[in-house]
Amino acid sequence: MAEIRIQNVWKTFGKVVAVKDVTLTVEDREFVILLGPSGCGKTTLLRCISGLEQVDRGTISIGGRDVTNLPPRRRGIAMVFQSYAVFPHMTVFDNIAFGLRMKKLPKDEIERRVRDAAALMHIEDLLDRYPAQLSGGQRQRVAVARAIAVQSEVLLMDEPLSNLDALLRLEMRAELKRLFTELETTVVYVTHDQVEAMSMGDRIAVMREGEILQFDTPVRVYDYPADRFIGGFIGNPPMNFLVADVEDGRVVVHGTPIEVPPLVLEHLKPPRTLVGIRAENIELFTEQQEGAIPVQVLVVEPLGSHNLVTARADGDIIKVNTPADLRLAPDQRVWIRFVPEKIRWFDAQTGKALPVDYQAVEAARVG
Ligand code: ATP
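Residues numbered from 1 in each chain as written. Predicted model: local features only at pLDDT ≥ 70, side-chain atom pairs only at ≥ 80, totals over all residues. Heavy atoms only, no water.

1. Examining the nonpolar core
In summary, soluble globular proteins display a tendency toward joint burial of nonpolar side chains. Core analysis: the largest hydrophobic core is formed by 48 residues, its most contacted members being Ile96, Ile123, Leu176 and Tyr189. Ranked by residues supplied to this core, first place goes to helix H4 (residues 136-150) with seven residues. In this structure, Tyr189 is in contact with Phe31, Val32, Ile33, Leu34, Met157, Pro160, Leu161, Leu176, Glu196 and Met200, ignoring residues within four places of it in sequence. Ranked by size, the runner-up nonpolar core spans 31 residues in total, among them Leu242, Ala244, Val275 and Val309. (Core = buried A, V, L, I, M, F, W, Y, C linked by side-chain atoms within 4.5 Å. Buried < 20%, exposed > 50% of the residue type's maximum accessible area, 1.4 Å probe, protein only. Helix = DSSP H or I, 4+ residues; strand = E, 2+ residues; numbered from the N terminus. Contact = heavy atoms within 4.5 Å.)

And the structure:
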């Protein structure tokens, strides 16, 4: 059992609060992603779990054991960092075998584990080379192989794929995910790449300025962002946000009243609310329609399976997915309508999600 329990952890560097009162439980064998923009405290939080940083306040336990004051080597973890520190004077084989020799494992067990880890990372042919004879991406794979070979119950990874080219990243994402499911390892994985986070994690902890803003499954973080920042950070394109006027039980966007599910209305307070809607939940028409907002096409980007249309309504820029065969010209006037059940509602001032029961909204539509 290797559950990681972080309770009220603080870490400051001088005046910078890098980790601010973080409480988070990573379940045994769970794959949790720490995601957020540069400087939000992801690496610092990971280093606190590893013991490379001492926390100022709070506690950390791994597998039910309080490790807050233990050095890294006594925490039962393996780590991979962005800087992929491999030993330059050792061959790839010896680099991967290093942790296993420290554990004094039998020679044939070491040999087997090194070859398995190397095969997984596609570096079987490089075992006799020295790091200076490898590319950056190959060195990074050696670092991952070394951590995997140890087979510890907890693996901490800080942007381990950042130096790989796009294709290899894609392949590695899928392989790492499969690997950790098989190995039954508890993984905490730092990235600022939201695609990596969405595709790999069981749950994502979205961080900003040292705090965890939302901790949930990728699908829920994408569909129900806890605030405007998260909706804008997760997803490509980001969620669209528009200010809407609320008056007499109606919601008006750019002069057009839009349909609002009854269960939502009770949460909306005049005079304004913030509407969040994803590109795939907007319908686009080339002729005027009831309840559709007039916009002007700015750019059409063909993406193969569909087109991404960037449109403008006064000062607002809106991204809309359209069928690949729909022909639109720049400057063309078109109309857009939001799928009512897919609108997410936020406080216009704070940007926080309003407490709408979206399941009930969906159920009411289906029913
Ligand atoms: P990135 O994605 O750029 O690596 P991050 O989210 O991992 O960013 P951290 O590296 O954890 O962020 O840094 C959080 C804050 O703490 C930043 O403001 C950073 O400048 C500061 N910080 C981190 N380490 C130190 C240190 N050793 N001394 C002083 N300040 C630090």
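2. Here's the deal with the domain arrangement of the chain
Here the chain is partitioned into domain 1 (4-229) and domain 2 (238-366). For domain 1 versus domain 2, the distance between C-alpha centres works out to 38 Å. Each partner contributes residues to the interface: domain 1 has seven residues there, and domain 2 has eleven residues. On the domain 1 side of the contact with domain 2, Tyr222, Tyr224 and Arg228 bury the most area, a combined 60% of that side's loss. Applying the counting rule to domain 1 against domain 2 returns one salt bridge. (Domains from an automatic or database assignment. Buried area = accessible area lost by both parts, 1.4 Å probe. Salt bridge = Lys/Arg side-chain N within 4 Å of Asp/Glu carboxyl O.)

3. Some thoughts on the packing of aromatic side chains
For the coordinates displayed, the defined rule picks out five aromatic pairs. Ring geometry for Phe229 against Phe233: centres 5.7 Å apart, planes inclined by 15 degrees, an arrangement best described as stacked. You can see Phe229 and its partner Phe233 sitting in helix H8 (residues 228-233), four residues apart, about one turn around the helix. For Arg344, the ring lying beneath its charged end belongs to Tyr358, and the centroid distance is 4.3 Å. (Phe/Tyr/Trp six-rings, centres within 6.5 Å; stacked < 30°, edge-to-face > 60°. Lys NZ or Arg CZ within 6 Å of the ring centre and 35° of its normal.)

4. Regarding the packing of H4 against helix H5 (residues 166-183)
Running from amino to carboxyl end, H4 crosses H5 at an angle of 5 degrees, the nearest separation of the two axes being 13 Å. Considering the angle they form, H4 stands roughly parallel to H5. Within the contact between the two elements, H4 uses Arg141, Val144 and Ile148 and H5 uses Leu168, Met172, Leu176, Leu179 and Leu183. Class assignment of the residues belonging to the contact of H4 with H5 gives a composition of seven nonpolar, no polar and one charged. (Axes fitted to C-alpha atoms, helices over the stretch in contact; angles between N-to-C directions. Parallel < 35°, antiparallel > 145°, perpendicular 65-115°, else oblique. Nonpolar A, V, L, I, M, F, W, Y, C, P; charged D, E, K, R; others polar.)

5. Comments concerning the site of the ligand
By nearness alone, every residue bordering the ligand is listed as Phe13, Val16, Ala18, Pro37, Ser38, Gly39, Cys40, Gly41, Lys42, Thr43 and Thr44. The contact in question runs from an oxygen atom of the ligand to an N or O atom on the backbone of Gly41, over 3.0 Å. Counting only elements with at least two residues in the shell around the ligand, the list comes to strand E2 (16-26) and helix H1 (42-50). Looking at the shell around the ligand element by element, the count peaks at three residues for H1. Looking at the shell around the ligand, its residues break down into five nonpolar, five polar and one charged. (Near = heavy atom within 4 Å. Polar contact = N/O pair within 3.5 Å; in protein donor to acceptor, adjacent residues only side chain to side chain.)

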